[in-house]
Amino acid sequence: MMKTVPNIRIDIDRLMNRIEALGRIGAMPGGGVCRLALTREDGEGRNLVTGWMRELGLAVSIDRIGNVWGVRAGEQDGPPVMIGSHIDTVATGGLYDGNLGVLAGLEVVTCLNDAGIATRYPVAVAFFTNEEGSRFAPDMMGSAVHQGSLALDTALATVGIDGACVADDLAAIGYAGDVEPESLCPRAFLELHVEQGPVLEREGVAIGAVTGVQGISWTEYTVSGISNHAGTTPMAMRCDAGVVAAKAIVAARETAAHLGGSQVATVGALRFEPGLVNVVPQTAVFTADLRNTDEALLREAERLVEEAIQEAAHAEGATVAARKLARFEPVAFDDRLVSLIEDCAVRQGNSVKRMPSGAGHDAQMFAPNCPTAMIFVPSRDGLSHNIREYTPPEQIRAGAQVLLDAALALASAD
Ligand code: HGY
Ligand code: MN
Ligand code: MN
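Residues numbered from 1 in each chain as written. Chains lettered and ligands numbered in written order. Predicted model: local features only at pLDDT ≥ 70, side-chain atom pairs only at ≥ 80, totals over all residues. Heavy atoms only, no water.

Q: Whenever I open this one, the pairing of strand β2 (residues 68-72) confuses me. Can you help?
A: In the case of a regular strand, side chains alternate between the two sheet surfaces. Of all the five residues making up β2, four are buried; the element is thus mostly covered by neighbouring parts of the structure. As defined by bridge partners, strand β1 (residues 59-62) adjoins β2 across four bridges and the pair is classed as antiparallel. Across the sheet, residue V60 finds its bridge partner in β2, namely G70. Hairpin connection, β1 to β2: the antiparallel pair is bridged by five residues, and G66 has positive phi, about 90°. Bridging between β2 and strand β4 (residues 123-127) involves five bridges; their strand directions are antiparallel. Following the sheet pairing, R72 is matched in β4 by V123. (Buried < 20%, exposed > 50% of the residue type's maximum accessible area, 1.4 Å probe, protein only. Helix = DSSP H or I, 4+ residues; strand = E, 2+ residues; numbered from the N terminus. Pairing = 2+ DSSP bridges.)

Q: Sorry, what's going on with the coordination of the manganese ion (ligand 2) here?
A: A metal bound by six donors in octahedral fashion has ideal angles of 90 or 180 degrees, whereas one bound by four tetrahedral donors has an ideal angle of 109.5 degrees. The manganese ion (ligand 2) binds to the protein through H86 (NE2), D97 (OD) and H193 (NE2); the donor distances cover 2.1 to 2.3 Å. Each donor residue of the manganese ion (ligand 2) belongs to the same chain, and together they define the spacing H-x10-D-x95-H. Taken as an interatomic distance, the gap from the manganese ion (ligand 2) to the manganese ion (ligand 3) is 3.6 Å; D97 donates to each of them. Taken together, the positions of H86 in the loop between β3 (81-85) and α3 (99-115) and D97 in the loop between β3 and α3 put the pair eleven residues apart, joining distant regions of the chain. Looking at H86, the relative accessible area reads 0%, which means it is buried. (Donors = N, O, S within 2.8 Å, 3.2 Å for Na, K, Ca; no water.)

Q: Even after reading the chapter, I still don't get the domain arrangement of the protein chain, so can you show me in this structure?
A: Accessible area lost when the parts come together is the quantity often used to give the size of an interface. Entries for the protein chain in the domain assignment read domain 1 (12-213 + 331-412) and domain 2 (215-328). Inter-centroid distance (C-alpha atoms) of domain 1 to domain 2 is 33 Å. Counting residues at the interface gives 13 residues for domain 1, matched by eight residues for domain 2. Taken over both partners, the interface formed by domain 1 and domain 2 buries close to 680 Å², and the fraction arising from carbon and sulfur atoms is 65%. Ranking the residues of domain 1 by area buried against domain 2 places A137, P138 and D139 at the top, with a combined share of 42%. On the surface where domain 1 and domain 2 come into contact, there are zero salt bridges. (Domains from an automatic or database assignment. Contact = heavy atoms within 4.5 Å. Buried area = accessible area lost by both parts, 1.4 Å probe. Salt bridge = Lys/Arg side-chain N within 4 Å of Asp/Glu carboxyl O.)

Q: For this particular structure, what's the right way to read the coordination of the manganese ion (ligand 3)?
A: Within the protein, the atoms that donate to the manganese ion (ligand 3) are D97 (OD), E132 (OE), E132 (OE) and H385 (NE2), at distances of 2.2 to 2.5 Å. In primary-sequence terms, the residues that donate to the manganese ion (ligand 3) follow D-x34-E-x252-H.

Q: Which parts of the structure should I look at to understand the pattern of salt bridges?
A: A side chain with one charge may pair with a side chain of the opposite charge, provided their charged atoms come close. Applying the stated rule across the entire model yields 26 salt bridges. The shortest N-O distance in the salt bridge between R323 and E220 comes to 3.1 Å. Taken together, the residues span a long stretch of sequence, with R323 in strand β13 (residues 319-328) and E220 in strand β7 (residues 215-224) at a distance of 103 residues. You can call R323 partly exposed: its relative accessible area is 46%. Residue E220 is classed as buried on the basis of its relative accessible area of 18%. Of the charged contacts, one joins R291 and D289 as a salt bridge, the two residues approaching to 2.8 Å between their closest N and O atoms. Grouping residues by exposure puts R291 and D289 together as buried. Connected via shared salt-bridge partners are E295, R299, E302, K324, R327 and E329.

Q: Looking at this structure, I do not really get the site of ligand 1. What am I missing?
A: Surveying the vicinity of ligand 1 reveals the residues E131, E132, D139, W218, R291, A359, G360 and H385. A distance of 3.3 Å is found between an oxygen atom of ligand 1 and a side-chain nitrogen or oxygen belonging to D139. Note that an oxygen atom of ligand 1 is positioned 2.7 Å from one of the backbone N or O atoms of G360. Taken together, the residues of the shell around ligand 1 sort by class into two nonpolar, two polar and four charged. (Near = heavy atom within 4 Å. Polar contact = N/O pair within 3.5 Å; in protein donor to acceptor, adjacent residues only side chain to side chain. Nonpolar A, V, L, I, M, F, W, Y, C, P; charged D, E, K, R; others polar.)

Q: I tried to follow the packing of α3 against helix α12 (residues 393-412) on my own but got confused; where do I start?
A: When two helices pack together, their arrangement is given by the angle between the helix axes and the distance between those axes. Running from N to C, α3 and α12 cross one another at 60°; their axes reach a closest spacing of 10 Å. Overall, the two elements α3 and α12 adopt an arrangement that is oblique. Every pair of crossing elements has a handedness; the one defined by α3 and α12 is right-handed. Contacts from L100, A104, G105, V108, C111 and L112 of α3 reach α12 at I396, A400, L403, L404 and L408. For the contact of α3 with α12, the residue count by class is ten nonpolar, one polar and no charged. (Axes fitted to C-alpha atoms, helices over the stretch in contact; angles between N-to-C directions. Parallel < 35°, antiparallel > 145°, perpendicular 65-115°, else oblique. Left-handed = near helix turned anticlockwise from the far one by under 90°.)

Q: When you look at the packing of aromatic side chains in this model, what are you seeing that I'm missing?
A: How two aromatic rings sit relative to each other is set out by the distance from centre to centre and by the angle between their planes. Taken as a whole and judged by the stated rule, the model has five aromatic pairs. Considering the side-chain rings of F128 and F189, the 6.1 Å spacing of their centres and the 50° angle between planes classify their relative orientation as tilted. With F128 in the loop between β4 and α4 (141-146) and F189 in strand β5 (residues 188-194), this pair connects stretches of sequence that are 61 residues apart. No difference in accessibility class separates F128 from F189, as the two residues are buried. (Phe/Tyr/Trp six-rings, centres within 6.5 Å; stacked < 30°, edge-to-face > 60°.)

Q: I would appreciate a short explanation of the pairing of β4 in the present structure.
A: Within β4, five of the five residues are buried, leaving the element largely enclosed by the surrounding structure. Side chains of β4 alternate between two faces, with V123, V125 and F127 and A124 and A126 buried alike. Pairing of β3 with β4, which is carried by five bridges, proceeds in the parallel orientation. Each bridged residue has a counterpart across the sheet, and for G84 the counterpart in β4 is A126. A crossover links β3 with its parallel partner β4, the connecting element being α3, and its sense is right-handed. (Right-handed = clockwise from strand over helix to strand, strands pointing away.)

The structure is reproduced here in structure tokens:
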């Protein structure tokens, strides 16, 4: 597939300027960025990026779940080579998670425009609604609707952790578009992303040629106990929802240790009600995020954690209700595209390594429908979903150059 493509160079200063400009929207006093999906800050970020799309002459579309893509015409009509990611962040976000992939896509288009290059097929740059899933579960919500694995009405009716509704907040920021989801399946899909883990930095490798995304299981548990006086209630008479939650957190950690390999387990959100110092918790609500590259092992992890929670509840005389927030099986990317990423990386003199993704990404929603691949660049200290998220400009430039070369090869291919 590898064709000789023109030697066009990424302008890293221009790309960093866009990354920093977007990072000023939702910037937090102590550093980092908070642009939770469908908040006012998300809307402002969308306006900035969509404005850049229009300045670059892209034909902009907005679909009914708020996904936005801009298309640069090719010599031929038809499905574009799409470069995409997200611009919503977690509450302790950084400059790069998602944003890099979208803004590097705009840098690719800027380079093509400056060089006056006409590609055979159209090239599109996209950002998808609510990739993070932190405020409204599931994650990858917009790309899942875009590619048909989540119903539009289900997504629009979703109520967030703060009681907000997707449809209301989407309309409030002005991104309830009119294009029907599933209206576009790209010719190919590419996503550049920070690794968000320690592997590339630890091994001194510049580029990750991502082979796929591990399976993801999110569950919310609600434990119902009996509130009681913290001072007068004998220990043997308690029905303490908090103790069940505590045992669940330990069980999740022990399950990951027991299964080993790529198994990870996180209880990331936890709240007690009434949450007062002198009241035995009546209710405990917490989430379990379980992931594994192997579907059978992920199911085993789900079974073990569920069993441990039910045992802890039974021992305490409490009851438990489970609500599935997200469930995605492992996804493999197109081997030909993974090889193209490797070729482009090597051609630019980079070290490159094939590796799975520990994090979920919009690309995984496209993989079943079109040739899809991802490019990773290292994360300093392996940090992400942390305000200290950082990748040096030289490493960003290397990744964006691989993205440009791969996109150009795909948009010019026979
Ligand atoms: O949770 C994830 O893996 C992604 O950051 N949404
Ligand atoms: Mn991301
Ligand atoms: Mn993320």
